[in-house]
Every structure is written in C-alpha cells, then in structure tokens.
Amino acid sequence: MSLASLESSRTEAAQAVSLSGLSKAYGPIEALAPLSLTVAAGETVAILGPSGSGKTTLLLLLSGQLGPSSGAVTLVGREIAQLSPGKELAQLVGMIHQQFDLVPNISALHNVLAGRLGEWGLFKSLVSLVWPQDRPMGMEALARVGVADRAELRAGRLSGGEQQRVAIARLLLQDPAIVLADEPVASLDQARAGEVIRLLVRIARDSGKTLISSMHSVELARAHFDRLIGLRNGIVQFDLPSSQVADDMLLALYDIKGLRRED
Ligand SMILES: Nc1ncnc2c1ncn2[C@@H]1O[C@H](COP(=O)(O)OP(=O)(O)O)[C@@H](O)[C@H]1O
Ligand SMILES: [Mg+2]
C-alpha cells in the first residue's frame, strides 16, 4: 500500500459522517437543498435554524430512517444505503428524540436494556422482560446518567429530565459510533435542559462518539458544541466553529422575513 492511499484511508477512518450532494424533497418542497460536508470522529455538532428549516429531515437522512432524493450518506466509511437496517446500522448510529420515546409501562431499567435488542435474539429479549439480562450493565448506564435510584420505576412515572436521561442510558447500551439527537431538550425547562445537554456532550466526548444534535436553544448550542451549522429554508447559511458564529449571523438565521411557510 502506498503512503498516499494509507493516508487517504486514515482520513476516511477519522471521518464519522460524509455527505455528498445529499438532498430531500417532499413533493414540491425542497426540505433540504443539496448538501456536502464531513464531520470528524468525536466532533460535537449542533444544527440550528427556525422551525421548518430541514433539521429533522437532515437527521432522519443521517440515521437511515429516510431515503434521500439525491446524493449519499457515508457513516464511518460505509455508505448507508449498503448497510442492513438492523444490527449493522444500530452499531453505527443511534438517535434520541425530543419526546424520549420510552415504553411508559415498563421499568426504566427494562427500557435501558432494550438498547441491546439489536444484539439479542428474540428469546433472550422475551426472557429479559421477566428477568433483565445484562442487568449490571443497565444499572451502570443508569448510574452514569444519574438516575440509578429510578431503575425500578415505570418510565412513564419519571419526570421529563429523568426520562431523557434514561433514553441516553439506553443509547449507552446500544453503543453506536454516532449519536444523533433531534431537539433533545426542547420540552424540558431551562435548568434541566442545560443539565441534560452537558451530560450528553460529556458522554460523547468521554467515549469518543460523534454527536450531531438539532437544537432549539442557541445559547446551549453555542456554549457546549464544537461546531454550529445554521439551516434556513433547507439551505446551509453557515458552518463554523462555535466561537466564530456571530450574533448577526444568528439574527439573520432566525429572521421571520423570507422564511418559507411550514405546514
Ligand atoms: N413527511 C413530510 N411530508 C411533507 N413535507 C414535509 C414532511 N416532513 C417535513 N416536511 C416539510 O419539510 C420542511 C422541513 O421540515 P423539517 O425537516 O421537519 O424541519 P425542522 O425540523 O427544521 O422543523 C418543512 O417545510 C416541512 O413542512
Ligand atoms: Mg424538527
């Protein structure tokens, strides 16, 4: 192998995400205009932009839950369209939603252990509902996110902040290389939102995971993420290290004038 090809394979390995000409239209609406960019392994990226700007669409394309109208998504050197939807994809990418999506009538611990369903057979999954397998691992994850004392409570009885912590613990057991989050703290009060974002970013950094999250709060995004991408009407307005994003760029990003209708 030549040095050049070794170098290029190294560059690839250090790239968690690569998008080339990725776009998505819903009928006549171009939700996302063709977009090319790369995200390095371990980077933390926040996606900002007014409602309807294409943030969720971008995250769904990155997670393979939505097929693009054009272009391709490459995750850790592998094109997403070539991956099998089950275990292979789950090892590369996991997603946290705004509405936590836990199963409300089973315990927090069981919800966390469901993060391993991709690796378990059906039989073991069913048995786990009676006696949680890998229980110590699940407890460790709950302890890491600060809710070990809630393990046996039904998820539906937990507060919003606690539920989002359980969702993060579930992701720890899934252990994907890339963590996606869609406005993960939009439904929490400000203090809780800050705590959960700090936790999410710290966990990503500690474990070398790449984090890409759409964010409702500009302040939290600026304070905690390495890089900010501004989306407006499906078009990237800026893509910069957080420290270089100026106030006037943010004002222009959220300016109501010229914003397409969201319906
Ligand atoms: N399933 C869909 N069918 C038709 N239009 C959609 C669909 N999902 C999103 N859109 C439209 O695509 C655009 C981007 O939406 P979205 O990605 O949800 O933006 P954001 O997450 O930034 O609010 C909006 O104009 C929205 O109305
Ligand atoms: Mg959205």
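The structure this text deals with has already been given above.
The rules behind these values
Residues numbered from 1 in each chain as written. Chains lettered and ligands numbered in written order. Predicted model: local features only at pLDDT ≥ 70, side-chain atom pairs only at ≥ 80, totals over all residues. Near = placed C-beta within 6 Å. Helix = DSSP H or I, 4+ residues; strand = E, 2+ residues; numbered from the N terminus. Nonpolar A, V, L, I, M, F, W, Y, C, P; charged D, E, K, R; others polar. Pairing = 2+ DSSP bridges. Contact = placed C-beta atoms within 7 Å. Axes fitted to C-alpha atoms, helices over the stretch in contact; angles between N-to-C directions. Core = buried A, V, L, I, M, F, W, Y, C linked by C-beta atoms within 7 Å. Buried ≥ 20, exposed ≤ 12 C-beta atoms within 10 Å, placed from the backbone.

S.K.: Would you explain the site of ligand 1 in this entry?
M.R.: Around ligand 1 there are 13 residues in total, and Tyr26, Ala31, Lys55, Thr56 and Thr57 lie nearest to it. Of all the secondary-structure elements, those providing two or more residues to the shell around ligand 1 are β2 (29-40) and α2 (55-62). For the shell around ligand 1, the element with the highest residue contribution is α2, accounting for three residues. Residues of the shell around ligand 1, tallied by class, amount to three nonpolar, seven polar and three charged.

S.K.: For this particular structure, what's the right way to read the sheet that holds strand β1 (residues 15-26)?
M.R.: Strand-to-strand pairing in sheets goes through backbone hydrogen bonds, with the strands running parallel or antiparallel. As summarised here, the arrangement of the four strands in space is β2-β1-β4-β5, forming an open sheet in which the pairing is antiparallel. Both edges of this open sheet fall to β2 and β5 (78-79), since each of them pairs with a single strand only. Note that β1 and strand β4 (residues 70-75) share five bridges and pair antiparallel. Note on β4: the bridge partner recorded for Val17 is Leu75. Contacting β1, β2 and β4, α2 crosses the sheet at an angle of about 125° to β1.

S.K.: Quick question: what am I supposed to make of the nonpolar core here?
M.R.: Side chains of a nonpolar character, in soluble globular proteins, are inclined to be buried together. Among the nonpolar cores identified, the biggest contains 63 residues, and Ile47, Leu62, Ala108, Val112, Leu142, Val166 and Leu180 are the most heavily contacted of them. Top element by residues in this core is helix α7 (residues 160-174). It accounts for seven residues. Setting aside anything within four residues of it in sequence, one finds Leu180 in contact with Leu59, Leu62, Ser63, Val93, Met95 and Ile212.

S.K.: When you look at the sheet that holds strand β6 (residues 93-96) in this model, what are you seeing that I'm missing?
M.R.: Strand order in this open sheet of six strands is β6-β7-β8-β3-β9-β10, and the pairing throughout is mixed. Both edges of this open sheet fall to β6 and β10 (235-241), since each of them pairs with a single strand only. When strand polarity is set aside, the average angle formed by the axes of neighbouring strands in this sheet is 15°. Here four bridges tie strand β3 (residues 44-48) to strand β9 (residues 227-232), and the two strands are oriented parallel to one another. Note that in β9 the partner of Leu48 across the bridge is Gly230. Each of β3, β7 (178-182) and β8 (210-214) is contacted by helix α8 (residues 190-206), which is oriented at about 155° to β8, the strand it contacts most.

S.K.: Where do I start with the pairing of β2 in this structure?
M.R.: For a regular strand, side chains alternate in direction, first toward one face of the sheet and then toward the other. In this sheet, β2 lies alongside β1 in antiparallel orientation, the contact comprising eight bridges. Its bridge partner lying in β2, Lys24 is registered against Leu32. A loop of two residues connects β1 with β2, the two strands running antiparallel in sequence, and Gly27 in this loop sits at a positive phi of about 55°.

Coordinates in, geometry out; function isn't part of it.
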